[in-house]
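# Residue-level structure breakdown
One-letter residues, chain by chain:
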Amino acid sequence: MFGVRYLKAMPTQFVIQHKAGKVFRKGPGLSLWYYEPVSSIAILPTGTAHAPFMFEETTSDFQEVTIQGQTTYRIVDPERTAEMLNFTVNRRGAYVSDDPDSIELLLSEQVQVAIRAALRGLNLRAALGAGEGLVDGLLASLKQSGAIGSLGIDVVGLSILAIRPKPETARALEAETREQLLKTADEAIYARRNAAIEQERSIRENELATEVAVENKKRQVREAAMDAERAVLERRIDIERAEMAAQIAREAQNRDLVELATANQRAEADAKAYGIDRMMKAFEGAEPKLLQALASVGMNPQQLMALAFRDLADNAGKIGQLNMSPDLLREMMQAPERRR
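Here goes a summary of the coordinates provided. Please read all numbers here as calculations on a predicted model, not as lab measurements.

## Let's talk about the nonpolar core
- One finds I67, I103 and I115 to be the most contacted residues of the largest nonpolar core, which totals 36 residues.
- Sorting elements by how many residues they give to this core places helix α2 (residues 99-119) first, with seven residues.
- Once residues within four sequence positions are removed from consideration, I67 is found in contact with F53, M54, F55, E57, I115, L119, I160, A162 and I163.
- Residues L30, L32, Y34 and I43 belong to the second largest nonpolar core, which totals nine residues.

## Structural notes on the sheet that holds strand β5 (residues 39-45)
- Here we have four strands laid out as an open sheet, ordered β3-β2-β5-β8, and antiparallel in their pairing. The open sheet has two edge strands, β3 (22-28) and β8 (88-89), and neither has a second partner.
- Inspection of the sheet shows strand β2 (residues 13-19) paired to β3 by six bridges, in the antiparallel sense. Paired with V15 across the strands is G27, a residue of β3.

## Some remarks on a nonpolar patch on the surface
- Residues V4, Y6, W33, Y35 and V38 make up a contiguous nonpolar surface patch of roughly 520 Å² in combined accessible area.
- Position of W33 among the secondary structure elements: in strand β4 (residues 31-35).

## Comments concerning the sheet that holds strand β6 (residues 49-58)
- The sheet built from three strands is open, its strands ordered β6-β7-β9 with antiparallel pairing. Whereas interior strands pair on both sides, the edge strands pair on one side only; in this sheet they are β6 and β9 (153-165). Averaged over all pairs of adjacent strands, the angle between strand axes in this sheet comes to 20°, irrespective of strand direction.
- The pairing of strand β7 (residues 64-75) with β9 spans eleven bridges and is classified as antiparallel. What sits directly across from I67, in β9, is I163.

Cut-offs used in this document
- Residues numbered from 1 in each chain as written.
- Predicted model: local features only at pLDDT ≥ 70, side-chain atom pairs only at ≥ 80, totals over all residues.
- Heavy atoms only, no water.
- Core = buried A, V, L, I, M, F, W, Y, C linked by side-chain atoms within 4.5 Å.
- Buried < 20%, exposed > 50% of the residue type's maximum accessible area, 1.4 Å probe, protein only.
- Helix = DSSP H or I, 4+ residues; strand = E, 2+ residues; numbered from the N terminus.
- Contact = heavy atoms within 4.5 Å.
- Pairing = 2+ DSSP bridges.
- Patch = residues over 30% accessible without salt bridge, like charges linked within 9 Å, V, L, I, M, F, W, Y side chains within 5 Å.
- Areas by Shrake-Rupley, 256 points an atom, 1.4 Å probe, with all protein chains shown as cover.
- Salt bridge = Lys/Arg side-chain N within 4 Å of Asp/Glu carboxyl O.
- Axes fitted to C-alpha atoms, helices over the stretch in contact; angles between N-to-C directions.

Everything listed here is a matter of geometry and, on its own, says nothing about what the molecule does.
Here it is in structure tokens:
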């Protein structure tokens, strides 16, 4: 009303009020009344802001790459920035010039210059993998830039989002990488097959070693059985030898006994022969009847009857008829039983 305006700034806004060509009031987050016809208001944002960038550069091997990223900055010296750039706003709060937008352009140009200097010594492959490695060097270069420092601006951070080659170059790299990956996959397959073969060989060797160990155990068992059989045979031979030695000793004793018995029988026969000889000499002139009578002494009735029948047989020519009754024969047969 009548040109009087009210302004309430945010805490991240630095307000400078110029009046009569001089700074009348300044400070962050001011709330003030001002008379528009004689005052100009400059509002500078002091909070962090992002300035995206994307441009193409050439590597040392003359390959074009597209670099995309953003720069984070803030105005640390608003009064100096206001001296260099026009941040005056109209009654609607819009900037009356394009100077505030020139900050992003300036930062983009400084980043492009720094990246161009960094890529001058990198080939395509190194550049594609140098995103993280470039950040620290670029950030230090931007902080030391005189153009940026003269505007009262501090670069807080820098990030490179992507470094991409040309589509045909990317396809070529993809093909090469694909072939390398396929080669790596083939090598992995071969390694897995070799590992499987090695495992199979190890398993087969273990099986053969197990079979050899089993055969060795069997051989040891057979040898132990043979040793046991040999011990049994040796024991049996020792027993047979002992038995043979005992039998030999027994046969020797039998031989000695036979020799002794033979000697005894010989001596007994000699004694009997001597007795008979002496007896024969004693009966040398005796009558046969007398000898027969002497021989019949002590004979049993059957023997006497046998002698009688023998005499009858000797004198059969002198006997005309001989009758023997059944009673006599019965008595002769029953005589031994009666004596029992």
